[in-house]
Each structure stands twice: as structure tokens, then as C-alpha cells.
Amino acid sequence: MPIFQDENGLAVKFFIQKDIPQETQAELCETITSLGGRVESKVPRQGYVLTQPGTPEEERLRLCWISPDRPERHFVPYTYVEACKITGMLLKQIFVESGVPIKMHIHPSIANVNARAALSQRIMHSGGDPTASPQSARVILADPNTEVFQHLVKSYQGVPDKYIESYLWVKKCVEKGALVYTPLVYKNPGGRRPGEERTQFTEEDEERLCQWIATKIPYKETGGRTGNRLYQQLCEMVGPGDMNMLIGPFVDTSKAVDPEYAWVTRHTWQSWRERYKKNSVRLDNMITAVVDRKKPAHGEKGQYGYVRQAEEKTRRVRKRRTKTGNEPLHEDHAERQIAGHIDGSTDPVAPFILLTPDQISTQGSMSGLQARQSPDEEEMADSEENEEWGIRVGNESPPPWGKRKAGEGGGDGSHAAKKTKMTWVSLRGSVIVLKSL
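Keep in mind the model is a prediction, meaning the values are calculated, not measured. Here the residue index of a chain counts from 1 through its sequence in written order. Confidence filtering applies because this is a predicted model: local features only for residues at pLDDT of at least 70, side-chain atom pairs given and counted only at 80 or more, and all residues used for totals across whole chains, interfaces and linings. Remark: hydrogens and water are excluded; side-chain values derive from all non-hydrogen atoms of the structure.

**Focus on the nonpolar core**
- Here, nonpolar core refers to any group of buried Ala, Val, Leu, Ile, Met, Phe, Trp, Tyr and Cys residues whose side-chain atoms link them within 4.5 Å. With a 1.4 Å probe rolled over the protein chains alone, any residue whose accessible area is under 20% of its type maximum counts as buried; one over 50% counts as exposed, and the rest are partly exposed. Among the nonpolar cores identified, the biggest contains 22 residues, and Leu-209, Ile-213, Tyr-231, Val-264 and Trp-272 are the most heavily contacted of them.
- Runs of E in the DSSP output that reach at least two residues are strands. Runs of H or I that reach at least four are helices, and both are numbered from the N terminus. Breaking this core down by element, the ones donating at least two residues are α7 (203-216), α8 (228-236), α9 (269-278) and α10 (280-294).
- The element best represented in this core is α7, accounting for five residues.
- In this description, contact between two residues means that some pair of their heavy atoms is separated by no more than 4.5 Å. Leu-209 has contacts with Tyr-231, Leu-234, Trp-263, Trp-272, Tyr-276 and Leu-283, leaving out every residue within four places of it along the chain.

**Examining the side chain of His-74**
- Following the sequence through the fold, His-74 ends up in strand β4 (residues 73-77).
- If we ignore the near neighbours within four places in the chain, the residues touching His-74 are Gly-47, Tyr-48, Val-49 and Gln-93.

**As for the packing of α7 against α10**
- Between α7 and α10, whose axes approach to 9 Å, the crossing angle comes to 60°. One finds that α7 runs oblique with respect to α10. Once α7 is placed against α10, the crossing between them reads as right-handed. Contacts from Glu-206, Glu-207, Leu-209, Cys-210, Gln-211, Ile-213, Ala-214 and Thr-215 of α7 reach α10 at Arg-282, Leu-283, Met-286, Ile-287, Val-290, Val-291, Arg-293 and Lys-294.
- Tallied by class, the residues present in the contact of α7 with α10 amount to nine nonpolar, two polar and five charged. Working convention: axes come from line fits to C-alpha atoms, limited for helices to the stretch in contact. Angles between N-to-C directions cover 0 to 180 degrees. Working rule for angles: under 35 degrees goes down as roughly parallel, over 145 as roughly antiparallel, 65 to 115 as roughly perpendicular, anything else as oblique. In this scheme, a crossing is called left-handed if the near helix is turned counterclockwise away from the far one by less than a right angle; it is called right-handed if the turn is clockwise. For this classification, the nonpolar set comprises Ala, Val, Leu, Ile, Met, Phe, Trp, Tyr, Cys and Pro, the charged set comprises Asp, Glu, Lys and Arg, and every other residue, Gly included, is treated as polar.

**Points about the sheet that holds β4**
- Whether two strands pair depends on DSSP finding at least two bridges between them. The sheet built from four strands is open, its strands ordered β2-β1-β3-β4 with parallel pairing. Here the strands that pair on one side only, and so sit at the sheet edges, are β2 (38-40) and β4. This sheet shows a mean twist of 35° between the axes of neighbouring strands, independent of strand direction.
- Here strand β3 (residues 47-51) pairs with β4 via five bridges, running parallel. When the bridges of β4 are listed, Tyr-48 appears paired with His-74.

**What about the pairing of β3?**
- Along β3, five of the five residues are buried, which leaves the element largely enclosed by surrounding structure.
- Taken together, the three bridges between strand β1 (residues 13-16) and β3 define a ladder with parallel strand orientation. Looking at the pairing, Ile-16 lines up with Leu-50 of β3.
- Clockwise travel from the first strand over the helix to the second, with the strands pointing away from the viewer, marks a crossover as right-handed. Read as a crossover between parallel neighbours, the route from β3 over helix α2 (residues 56-65) to β4 is right-handed.

**Thoughts on unusual backbone geometry**
- Positive phi, normally seen in glycine, also occurs at Asp-161, with a value near 55°.
- Considering the arrangement of structural elements, one finds Asp-161 in the loop between α5 (147-156) and β9 (163-166).
- Residue classification places Asp-161 among the exposed residues on the basis of a relative accessible area of 53%.
- Backbone geometry places Lys-295, a non-glycine residue, at a positive phi of 50°.
- Among the structural elements, Lys-295 can be located in the loop between α10 and α11 (331-342).

**Notes on the pairing of strand β8 (residues 139-142)**
- Side-chain alternation along β8 places Val-139 and Leu-141 on one buried face and Ile-140 and Ala-142 on a second face that is also buried.
- Examined bridge by bridge, strand β7 (residues 104-106) and β8 share three bridges and lie parallel to one another. Opposite His-105, over in β8, you have Ile-140 as the bridge partner.
- One crossover worth recording links β7 to the parallel β8 by way of helix α4 (residues 113-125), and it is left-handed.
- Here β8 pairs with β9 via four bridges, running parallel. By the bridge assignment, Leu-141 is partnered in β9 with Glu-165.

**Focus on the pattern of salt bridges**
- Definition used for salt bridges: Asp or Glu carboxyl oxygen within 4 Å of a side-chain nitrogen of Lys or Arg. What the rule picks out here adds up to twelve salt bridges.
- For the salt bridge of Arg-60 with Glu-57, the shortest nitrogen-to-oxygen distance reads 2.6 Å. One end of the pair is Arg-60 and the other is Glu-57, both in helix α2 and three residues apart, which spans about a single turn.
- Salt-bridge contacts for Glu-236 lead to Arg-229; the nearest nitrogen and oxygen are separated by 2.9 Å.

**Comments concerning a negative patch on the surface**
- Residues qualify for a patch when their relative accessible area is over 30% and they have no salt bridge, like charges being joined within 9 Å and the nonpolar side chains of Val, Leu, Ile, Met, Phe, Trp and Tyr within 5 Å. Here the accessible surface of atoms and residues is derived via Shrake-Rupley with a 1.4 Å probe, and residues count as covered only by protein chains that are part of the display. In this count, Lys and Arg are taken as positive residues and Asp and Glu as negative ones, while His and the chain termini are left out. Every charge is mapped to an atom, namely NZ of Lys, CZ of Arg, CG of Asp or CD of Glu. Judged by side-chain charge, Glu-23, Glu-27, Glu-30 and Glu-82 come together as a negatively charged surface patch.
- In terms of residue count, helix α1 (residues 22-34) provides more of the negative patch than any other element does, three residues in total.
- Within the element layout of this structure, Glu-27 appears in helix α1.
- On the accessibility criterion, Glu-27 (53% relative accessible area) is exposed.

The values are spatial; any link to function lies outside them.
Structure (C-alpha cells):
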């Protein structure tokens, strides 16, 4: 049966907006006729008005001919004919309420331009209006894979007649041929349902609870009996991964639990805590009786709050940096070397001692055999015989190169008035005299 014929075999009527280009009108007439439909020269009471969206004539036709008394008169874009031909069926006008198109807004979270255009065409072909603003739209279409979608759902969940739907929702409605909003489902807000009885505490429950507390916190002065963690640990003893089934009033007994602590599943950790808190005086006496029998010591293994002491970290010892022969010797370093030599500490650098100029002259008379330790020092000692490179020792006259020139002022007399200075001498045999300041 042709798609533009109803169940009774009658042709579906179409009216084409007059200012649509003549070539387009001719193609539409040919397609409609070939699919079993009929083009009317006047707006039919029951049928389709093919318009060009966004034009003044389209707006005029809607204002003049849309009426609640004519719910079977539909306004669709002229591309509706081609869409029906492609799908092979007469597309139902499901996005219409009381003859008025349902306003929809395509949210910017649907970023693909082509997807937005295709979605807009599909909405119009099914009778809806996709050009509405977010405030005036009844349905807001957004991308469910974005955070904005969840934000929109929370923002409008309390607004009546406002729906947040996925962009796939339009396709599902078209395939079903009906307008079906995403249904609301009941989410358990927690707590006990009306008429449901609370699981009552038994004497056995209290005895086991006291046994647990006596093991973990035998002495009340330690503190912690009303804290959360003590009772959370109790529920964790049920077995790995079972804490989730103990946070509500219902217990999933299908999961494997430790038989020794199966009794814990009767109540949540909050209930165990509240039971002790509201009956602490009576339960403390029971705990004391258990402690008197077992007589545990403070800080025994397994008691609440006591953990194994952390391993002591080894301290890293930094190695002492040694001076090489080419590095200059500073006065403060020399003082440290002297102090180390006195107290017996070892150092790879040769020690220094403090001598007066008189002692230097005595040291200078040491035999060459005792003083010379290497060929380099022997060569240095041979060079000392040359007066050109002589040095001053003690109160002796300075070498020729060290004498002051006439006119510079100051002579040997001024030197005698100077205070005797301490000088540094290496024990290796090389005499070093520092200039007096």
C-alpha cells in the first residue's frame, strides 16, 4: 500500500506554501502523487501543510490555520515528503499536543553541527518545534556523556512539565511512534520503611559486643569506646569487601562471611555504636567483669589504638671532604687541623703546628736527610742555596729581593719594633713563613 494513503485507502491531502520555488513545488507534487497522496489548492481540514521554516509566510499560515478544533491538521517543513519516502512510512506527528508543536531546545552540549541539524529536522518532521529557548522549552535535549547533562537533570528535577532528555530520545520516540518521556524510578532514600520492625538487640548481642570492646579497649580511661572506628572495625571482621552490606538496614546474607563474626551482620556499625553509647553504664560493668577475668595488660597486641612501632631509619653519614695539594690553605682550616692533631683525631692532610720565629730558625737547622722526603723537595732545597730566591728566617736580614728601596721609608729599625707574629710550618720539612701583618 502506498505510504500516502490511510487505512481506508484514501489519499492523504497536502497543501504547499505558495512562495516556495516553482521547481521545488513541481518535484513535491510529483513525489506526493507517486506515493498515493493528493495536493490541494486550499488548506485542508485534515492533512499536511508543507511550509518553508523561518519565512513570514510560514508564520502567517500557522497563525491563521492552527486551531485546537483541527488536531489532524499538521504543519511540517516541505522536506517532510522526502523524509517519509526515505523511511518508507508516513511519519506520525508525535511531538504535538492539542494541535500545538511541543517546544524543544537543543543544548550546546551537542557540539556536532551536523548532528544538531539532523536532530532539528527529525523533530520538525514529527511535529515538534526545535527553536525554543531553554526557559520556554518543555524538553531540553543534551548529550548524556557530559557533566552538563547531570547538572541539567538536578537543576530541573523539581520543575513540573520540564524534561531533560538525551539526543537519542527523539529517535526512540519516532521508532515507537509515540511520545514517551524517560520514566522516574524510585531510589531508596535510606532508613526503615514504614511498618518495618527494627532488629532488636538481644542479650547475646550485648555479651558479644562487650567481649569485643574488652578485647580492643579493656580500660575505659584509654578512650575510644564511643568513636566510629572501633565499630567499623567490628563490621570489617565480617569479611573482605562486605562493609557495603552493613551500611543500611538490610543485610545481603548471600555473600560469604566469617562464621566467627556472622553475628555482626544483625546490625550496622552505627547501631552497635549507639547501643553502647546509650547503655554505657550498664555495658561498662559487663566489660569490666570480662577484663577482670582475662586481666590483659596495657598495650597488648590487638588492642585498639596500639600499632607496631615504625622501623628506625638509618642516618646517612656524610664523608669528610679532603683538601688536595693544589687547593689554597685557609687560616681557619689550619686551625681545625691543629685542633684535630692535638685531640688525636686522624686526617689525611698533614698536620700543622704553631711555631714562633725563634723556633723556625731551630727547625731550619734540621739535616737535609731528615727534611727531604722526595725528589721534588730535594730540588726545592737545592734552589734555596741560590740567594736570588732566598727567604727570611726569624730575625735575620731579609734577602736582597725583599729589601726596601731607598725613599720608601721604614728600615730594619722599624722591623724590630714590630710585634713577633706566629707562623705556620709544615712538618714535612718545607718551611713556610707568612708575611707579618
